[in-house]
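Below, each chain spelled out in residue letters.
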Amino acid sequence: MINQLKNFLQQHNLLNENTTLVVGYSGGFDSCALLHMLQILKKEYKFKLCAAHLNHGWRGEASDNDENNCKLFCKKYEIPFYTEKLDTKTPKTETAARNARYAFFKRAAEHFQTKNILTAHTKSDNAETIIYRIAKGTGISGLCAINPTQSFKNLNIYRPILFASRSDIETYCKANKLSPNNDLSNFDTKYKRNLIRHEIIPSLNKINPNSENALNSLCQSAKNQEEIVQEYLKQIRTQIYIENKFITPKYLKLSKVLQERIIYDLIINLKIDYDRKKITEIADFINKNANSKSGKLHSIGKNLWLFCNYQYFEIITDLTQTKNSCSIKIKDLNKKYKFDNIIFSAEKITEIPLKYPLETDKYAIVNLFGQKNLELRYRRPGDIIQPFGMQQQIKLKKYFINKGIAQHKKNKIVLLCNKNEILWACSVGISEKLRVKNTPTHIIKIEEAKNDN
């Protein structure tokens, strides 16, 4: 087992004295065996080995005893030890515990000044995950189960003993006279993982005594198939996914199967709990709103919304609708002005340009002759605009609707105004008042303000 572990660490360039490895150490059989093997390898390869233990506190004194046993083990082998106790308000569910655990890993990694976290998932864990996902109605990618490596919020998560079964681990602990913690909650079948481990796997073994290896073989086959699928999907995405947005008309030209697969991958990447019903709901929402100008929003998870209109659909994480009252007077067109998080400038121009910008660009070629009381701000009640090419003024609200501007974006559009009249809505359009009839006077533009840090 140690040689297989060493091969994994060498493959990922983790066996050197400049590396710090933090093991997620519950004190159970799996993590106890992993930490013990690593401390043996540490003697030869000189990497820094640390342990991180999250005390869930769900079993009272027993949880505190488990933490103490972990601390004593690390003290015996001179392994730096970091621990926290889980917030008592954390729901006692598998999902909440997993989320809390990974947030804890991030803090532990920061404590030890590394990005490398090792967890002790095994071949048996992989088999259980496959069964759980089958029961949830997974697709092929779900059958790929536990990945040996994963990126999570700037962390490198490694699972170096996926080759080992639970029986292999128990044999190793016994041979090395290790005394892992015995968490009695691991036998409580009200938790889905335990139900699979203690009831479903034994039943499968009656059909095939080698069911664990068979499930892991299924996992590998699924990974191979998924690689082929992803190669094809990569070509599709280059056609329909531009600047973090899916192009609605191009998406709709795909077959229903491909549409649903695109949605499935989107959900997986966002790490949202899903089932077949959720995929269908999202697909129906996109098709229903594919002709909407202003677009519609659909909640797909905590602080996650899907926005869809006739041009594109995208994921929204910020629906802040608070109207921003900040503004700045433009008194000298020869100066640059910092407004909110952008820089506004107006450069003089005396020649007719060969090409004019699009309305959606962040600059415009205009005639500012005679314009006074210029101001940069966001929209306010009563704003009006005389749209380019029109002879009458309309409300800015109606103008945005006609332009198909999404509701969640309206308060974030930078406006160049003269009192309550809008002369330029950045990336939306200009007023007829700024039309160039002969020669333009200025190029107006906004740019992202550079971070002073």
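In the block above lies the structure referred to throughout.
Worth saying up front: this structure is predicted, and the values here are computed from it rather than measured. (Residues numbered from 1 in each chain as written. Predicted model: local features only at pLDDT ≥ 70, side-chain atom pairs only at ≥ 80, totals over all residues. Heavy atoms only, no water.)

### What to know about the sheet that holds strand E6 (residues 155-158)
Spelled out, the test is: At least two DSSP bridges between two strands are required for those strands to pair. Here a strand is any run of E in DSSP of at least two residues, a helix any run of H or I of at least four, and the numbering for each starts at the N terminus. The axes are straight lines fitted to the C-alpha atoms, using for helices just the contacting stretch, and the angles between their N-to-C directions are given from 0 to 180°. The contact criterion used is simple: two residues touch if any of their non-hydrogen atoms lie within 4.5 Å.
As summarised here, the arrangement of the six strands in space is E3-E2-E1-E4-E6-E5, forming an open sheet in which the pairing is mixed. Of all the strands in the sheet, just strand E3 (81-85) and strand E5 (149-152) have a single pairing partner and so form its edges. Neighbour-to-neighbour, the strand axes of the sheet open up by a mean angle of 25°, direction not taken into account. Looking at chain direction, strand E2 (residues 48-55) and E3 are connected through five bridges and run parallel. By the bridge assignment for E3, His-53 is matched with Thr-83. On top of the sheet, helix H4 (residues 94-111) reaches strand E1 (20-24), E2, E3, strand E4 (116-118), E5 and E6; it is set at about 140° to E3, its chief contact.

### Some thoughts on the pattern of salt bridges
Definition in use: Only one rule defines a salt bridge in this text: a Lys or Arg side-chain nitrogen within 4 Å of an Asp or Glu carboxyl oxygen. For the exposure calls, accessible area comes from a 1.4 Å probe over protein chains only, and a residue counts as buried if that area is under 20% of its type's maximum, exposed if over 50%, partly exposed in between.
Applying the stated rule across the entire model yields 21 salt bridges. Residues Lys-403 and Glu-359 are paired through a salt bridge, measuring 2.6 Å at the closest nitrogen-oxygen approach. Taken together, the residues span a long stretch of sequence, with Lys-403 in the loop between helix H13 (396-402) and strand E19 (415-418) and Glu-359 in the loop between strand E14 (342-348) and strand E15 (363-366) at a distance of 44 residues. Put simply, Glu-432 and Arg-435 hold a salt bridge, and the shortest N to O gap is 2.7 Å. Among the residues examined, Arg-435 registers a relative accessible area of 28% and is labelled partly exposed.

### Thoughts on unusual backbone geometry
Even without being a glycine, Lys-46 presents a positive backbone phi close to 65°. Along the chain, Lys-46 turns up in the loop between helix H2 (29-45) and E2. Its relative accessible area of 53% is what places Lys-46 among the exposed residues.

### Here we look at H2
Short version of the rule: By this rule, a helix spans an expected 1.5 Å times one less than how many residues it contains.
If you check H2, its first and last C-alpha atoms are 24 Å apart, about what 17 residues at 1.5 Å a residue would give, namely 24 Å. Where H2 ends, the next residue or the one after it, Lys-46, has phi of about 65°, a positive value.

### Points about the sheet that holds E15
Backbone hydrogen bonds are what pair the strands of a sheet, in a parallel or an antiparallel way. Here we have four strands laid out as an open sheet, ordered E13-E14-E22-E15, and antiparallel in their pairing. With partners counted over all chains shown, the strands left at the sheet margins are strand E13 (337-339) and E15, one partner each. On average, adjacent strands in this sheet sit at an angle of 20° to one another, irrespective of strand direction. Inspection of the sheet shows E13 paired to E14 by three bridges, in the antiparallel sense. Directly across from Tyr-337, in E14, lies its bridge partner Phe-344.

Taken by themselves, the reported measurements are silent on function.
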